[in-house]
Amino acid sequence: MVSKRFSGICLDLCIGVNPPEKAALMEFCKTVRYKTVRKGDVDFQPLLQGTFATALRAIPIQSLNINTVSEEITFKLVEADQIQKPSSLRIWCQLVRPLRLSLTLNPLISIILIQLQLGAMLNWFVVISSSLAAVCWQLSGQFLSDYFDYMSGADRLDFSESKNPLRFGWITAIRLKHIGIVFLVFGISLGIPALLGQPLKLVGVGSLAVVGLWLFSSRNNFFRKSGLSEALLFLLMGPMLTFGFTWAIGGHVSNALFWVAMIYGSLAMLKVFVDNVADIFVDAQAGVETLATKLGFDRSQRAIQWLGFFALSSATGLALSSMQYIGLALIVTMGGFLIILFRVVLSCGSFATTSMARARSLSLCLHFVTGVVLNILLFLALYTKKI
Amino acid sequence: MTTPLKIYTQGDFPSYLPKLNSLYDELFTGGKNLRARLISQVSAHLALSSKDIGLLGQTIEFIHNASLLHDDLVDRAPLRRSKTSAWLKFSPEYAVLAGDYLLARVMVNLSTRGNIQLVQYTSQVISDLLEGEWLQDSLIKDCNVSLQLLDRVHNLKTASLLKWCLRAPFILQDSNDSKELPTMDYKSLHANLEEIGTLLGQLFQRADDLLDFDVRNYENKKLLGDLTSGYFNSFACFLCTEAPEKLRQQFAKCVTIEEVHHLFGRDFFEQKICDFDAENSGLIAVYLHYVDNLSRFLPPEKDGIQAVLGDLPGPLYWRQSP
C-alpha cells in the first residue's frame, strides 16, 4: 500500500525539518483518512449530507477540476470532536451574513417610513409579521441555496468565508437544510396575516416571486443562459419586494415608492453583478452562465459603471420628485461610494487581482450605506413633512 | 530517472532557417527533462512503443521549452539554466518565433501520429498554459493576491503539463488497446490522473517558490527573483497571510533574503516554512490517496505506475536527489 509508504517517504525526505516536526508529521500521516466516491455510489449522499456516522465528518477535498472530467468527490474523514470550531456566534454570523440582511431590511424600513409619511393606517401586527416573514424568506433562501450548492459541488469552487461552516465541517449539510426548511415554514406562517388581508394581490406577487427565485437559483434555464438572471434579481429585490410589501401592510403606492424600488433593485443587481465578475473565471470553468461570463471581463467593468449610474439616477429621481433638498445627502453619499467603487473596479487588471475582492465588499457596503442614509433622511422627513 | 534522454535530433528542424538549430541547441542542453522522464517511467508500464514514448517526451519538452522562451522574454530574464536567455543572445523576435515554431511542430507531429483525442487534449493544455501565463502577468505588483487564486493560476501553468504527462500515455494506450476499461472507469481513471497531476503541479510549484527564499536551494538558484520582479509567489502569499498592508508593501521592496529575515523576524520566518511544509504534507497525503486509488482502474501488472508516482514527492517537493 503506497499510503503506508508515505510515512517513510515523507519522514526520510523531511530534510531541514527538525525532529519535533517529524513526529508531528508522523502523527498526521496516521490519522488522516480519505475516501473517494462517485456521485452514483450508495454512500455518496450520506457522506455529503453528514448522515453516514455521528462520530465522523466527511469534508470534501477542494478540487480545481470541478465540472471538468471529474465525477467523483474525495472526502477527508475526521473525528467530529477533533474539528476545531469557532464560537457558535461566529458560525452563525458566517452562515447568516448579517450585512446581507440589509438587502431586505433596508427596503422594508424605507417602505414603512414612506407609508407613515403618507398617512397610511398600518396594522402594526401585520407590519411586524410581514417584515419577519421577509427576513425568514431571505435566510431560508440563503441556507437552502448554500445546501444545494454544497450538494451539487458548486461551493468547492467558492473560497468565500460564508462557505466555511460546511467546508470545514462545523455544521453538517443535512442540519443546514433542516434549518433552511424551518425558516421557510416560519416565513410562510408569518406571511399568513398579510395574505389574509390582501389575498389576490399577494398570491400573484408571491407566485411570481417563487418562479423568479427558482429561475434565479437553478443552473440551466433560459434566463441564466441569456445572462438575464441579474435583471431578474432587479425585479425581485426592487419592484416586487417594494410593492409586494406595500400591499401586504395595506399601504399606498406613490412616486416615492417607485423610485425606492428602482434604487434598491439596481443596487441589489449591482451587488450580484460585481460578485459574478469576481467569479468570472471560476464560473467559466464550471460552465455556469452569468451576464459577466457573457460580456467578458473588460465589458463587465464598463457595465458596472452603467449600473452604478442607473442607481444614482434613481436616487436623483427620488430626490427631485419627493425629497427636495434633503435628497442631496442621498445623492452625495451614493455618488461618493460609487466613485470609490468605480476606481477600484477600473484599477483591476483582471478578475484575479485582489481589487475585485474589495469591489465585492464595496458593492455590499454601497447597498447598506445607501439604505441607512435613505432611511435616516426618510425618518427626518417624517418629522419635517418634506415628502 | 537517470537515463539520458534525446529530445530532438538535427533532422527535426529545417537547416535553412538561420540560427534556429543553434538556438534550440542552447535551449535544450542543460535541462533536466523532468517531464519527458516522467512520461518515460509511466509509459514503461503501459507497453507503448519506443517511438510513441519518444513522441510524447518530445511533445511535452517542446511545449515546456516554448513556454520558457516566451516567459524569459516577457519577464526580461537575462539568464536561463545559467546561460544567456535566447531573447538576449539572439533577438526577441527570434525567441518569439522559436517558441511558436516549437508549438507548431508539436501539432504537426501529433496530427501525423493520428490520435485526435491526443491532439485535442494537447491543444487544450497549450491553451491552459497560455491562460495561466496571461493571468500570472496580471498579478504583477499585486501584494494582496490570495494563495487559492495563485493555485488556480499554477493549475493552468505548471500542473497542466504534469497532468498531460500522466494522461497522454493512457490516451495513446487506450487507442492501441481499443479500450480495456468500461467508459465510466475510463472517465474516472482520467479524473483521478487529473487530480494527481494537479497536486503534483501544486507541490512542484510550491517547492520552486521556496527556492526563491533559499529553502532547500541545493542548486544555488538566484534568490528573490519572483519578489524583485513584483510577483508574490505561493510562499510569499503564505508568509503574508494576515499581514497588514504596510508590511506587505515593505516586503515587496525587499531585494535580499537578509532584509526579508529582518522584516519578519528569523524565528517567525522559520516557523512559516514549517507551517508551509506541514500544509504541503497534507497535499502529499491527498496525492498519495489518489495514487492509491489508481488500483481501482489498473490491472495488477500495471501497478508499477503507482510505485513511480508514489516516489515523486521526494524529488519534486523535498528536493531529494533521485
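Residues numbered from 1 in each chain as written. Chains lettered and ligands numbered in written order. Predicted model: local features only at pLDDT ≥ 70, side-chain atom pairs only at ≥ 80, totals over all residues. Heavy atoms only, no water.

A.B. asks: I keep staring at the confidence of the model for chain B and nothing clicks. Help me out?
C.D. replies: The predicted coordinates should not be examined in detail at positions where pLDDT is low. On average, residues of chain B score 87 in pLDDT, and 94% of them are at 70 or above. Both confidence scores are given for the complex: pTM 0.81, ipTM 0.74. (pLDDT = per-residue confidence, 0-100.)

A.B. asks: What am I meant to see in the packing of aromatic side chains here?
C.D. replies: Both the distance between ring centres and the angle between the ring planes are used here to describe each pair of aromatic rings. Residues and elements named next belong to chain A. Scanning the entire structure with this criterion turns up 23 aromatic pairs over all chains. On the basis of an interplanar angle of 55 degrees and a centroid distance of 5.5 Å, the ring pair of Phe168 and Trp170 is categorised as tilted. The exposure class assigned to Phe168 is partly exposed, which follows from its relative accessible area of 38%. The exposure class assigned to Trp170 is buried, which follows from its relative accessible area of 10%. (Phe/Tyr/Trp six-rings, centres within 6.5 Å; stacked < 30°, edge-to-face > 60°. Buried < 20%, exposed > 50% of the residue type's maximum accessible area, 1.4 Å probe, protein only.)

A.B. asks: How do you make sense of the side chain of B:Thr158 when you look at a structure like this?
C.D. replies: Residue and element names in this part refer to chain B. Within the secondary structure, Thr158 sits in helix α7 (residues 147-176). By relative accessible area, Thr158 is classed as buried at 8%. Within the structure, the side chain of Thr158 is placed 2.5 Å from the side chain of Gln205, a separation counted as a polar contact. Sequence-distant contacts of Thr158, that is, excluding residues within four places in its chain, are made with Gly201, Phe204 and Gln205. (Helix = DSSP H or I, 4+ residues; strand = E, 2+ residues; numbered from the N terminus. Polar contact = N/O pair within 3.5 Å; in protein donor to acceptor, adjacent residues only side chain to side chain. Contact = heavy atoms within 4.5 Å.)

A.B. asks: Which parts of the structure should I look at to understand the packing of helix α5 (residues 98-118) of chain A against helix α17 (residues 355-384) of chain A?
C.D. replies: Residues and elements named next belong to chain A. It is at 9 Å that the axes of α5 and α17 come closest, and there the two elements cross at 20 degrees. In this view, α5 runs roughly parallel relative to α17, as classed from their interaxial angle. The interaxial crossing formed by α5 with α17 has left-handed handedness. For the pair α5 and α17, contact is made by Leu99, Arg100, Ser102, Leu103, Asn106, Ile109, Ser110, Leu113, Ile114, Leu116 and Gln117 and by Leu364, Cys365, His367, Phe368, Gly371, Val372, Leu374, Asn375, Leu378, Phe379, Ala381 and Leu382, respectively. Here the contact of α5 with α17 is composed, by residue class, of 15 nonpolar, 7 polar and 1 charged. (Axes fitted to C-alpha atoms, helices over the stretch in contact; angles between N-to-C directions. Parallel < 35°, antiparallel > 145°, perpendicular 65-115°, else oblique. Left-handed = near helix turned anticlockwise from the far one by under 90°. Nonpolar A, V, L, I, M, F, W, Y, C, P; charged D, E, K, R; others polar.)

A.B. asks: Explain the state of the cysteines here, please?
C.D. replies: Note on terminology: a disulfide is the covalent bond linking the sulfur atoms of two cysteines. Residues and elements named next belong to chain B. Taken as a whole and assessed by the stated rule, the structure comprises 0 disulfides over all chains. Take Cys237: it sits in no disulfide, and the sulfur closest to it among the cysteines is that of Cys240, at 7.5 Å. Residue Cys254 stays outside any disulfide, its sulfur separated by 9.3 Å from that of Cys240, the closest cysteine. Residue classification places Cys254 among the buried residues on the basis of a relative accessible area of 4%. (Disulfide = S-S within 2.5 Å.)

A.B. asks: Could you clarify how one ought to interpret the packing of helix α12 (residues 257-264) of chain B against helix α13 (residues 266-293) of chain B in this entry?
C.D. replies: Working note: a packed helix pair is described by the angle between its axes plus the distance between those axes. Residues and elements named next belong to chain B. At their nearest, the axes of α12 and α13 sit 6 Å apart, and the two run at 100 degrees to each other. Taken together, the axis directions place α12 and α13 in an arrangement best described as roughly perpendicular. Every residue of α13 that contacts α12 at Ile257, Val260, His261 and Phe264 is listed here: Arg266, Phe268 and Phe269. Residues that form the contact of α12 with α13 fall into these classes: 5 nonpolar, 1 polar and 1 charged.

A.B. asks: So what exactly am I meant to see when it comes to the pairing of strand β2 (residues 56-60) of chain A here?
C.D. replies: Each regular strand carries side chains that alternate between the two faces of the sheet. Residues and elements named next belong to chain A. For β2, the tally of buried residues reaches 5 of 5 residues, placing the bulk of the element in the interior. Residues Leu56, Ala58 and Pro60 point to one face of β2 and Arg57 and Ile59 to the other, with burial holding for every one of them. Bridge count for β2 against strand β3 (residues 72-79) is 5 bridges, and the pairing is antiparallel. Counted as the bridge partner of Ile59 is Lys76 from β3. (Pairing = 2+ DSSP bridges.)

A.B. asks: What is the right way to look at the confidence of the model for chain A in this model?
C.D. replies: Residues with a pLDDT of 70 or more make up 84% of chain A, whose mean pLDDT is 80. Note on residues 1-20 of chain A: pLDDT under 50 across the span, and 39 contacts to partners over four residues away in sequence or across chains.

A.B. asks: What should I look at first to understand the nonpolar core in this one?
C.D. replies: Taken as a class, soluble globular proteins show a tendency for nonpolar side chains to be buried jointly. Counting 169 residues, the largest nonpolar core has B:Tyr24, B:Phe251 and B:Leu309 as the members making the most contacts within it. Per element, the largest residue contribution to this core is 16 residues, and it comes from helix α12 (residues 255-278) of chain A. Core analysis: the second largest hydrophobic core is formed by 29 residues, A:Phe44, A:Ile73, A:Tyr147 and A:Met151 among them. (Core = buried A, V, L, I, M, F, W, Y, C linked by side-chain atoms within 4.5 Å.)

A.B. asks: How should I be thinking about the side chain of A:Thr74 in this particular structure?
C.D. replies: Counting through the fold element by element, A:Thr74 comes out in strand β3. A polar atom in the side chain of A:Thr74 sits 2.8 Å from the side chain of B:Tyr290.

A.B. asks: What should I look at first to understand the sheet that holds β3(A) in this one?
C.D. replies: Each strand in a sheet pairs with another by means of backbone hydrogen bonds, the pair being arranged parallel or else antiparallel. Residue and element names in this part refer to chain A. As summarised here, the arrangement of the 3 strands in space is β1-β3-β2, forming an open sheet in which the pairing is antiparallel. Both edges of this open sheet fall to β1 (33-38) and β2, since each of them pairs with a single strand only. In this sheet, neighbouring strand axes are inclined to one another by 35 degrees on average, regardless of whether the strands run parallel or antiparallel. Note that β1 and β3 share 6 bridges and pair antiparallel. Paired with Thr36 across the two strands is Thr74, which belongs to β3.

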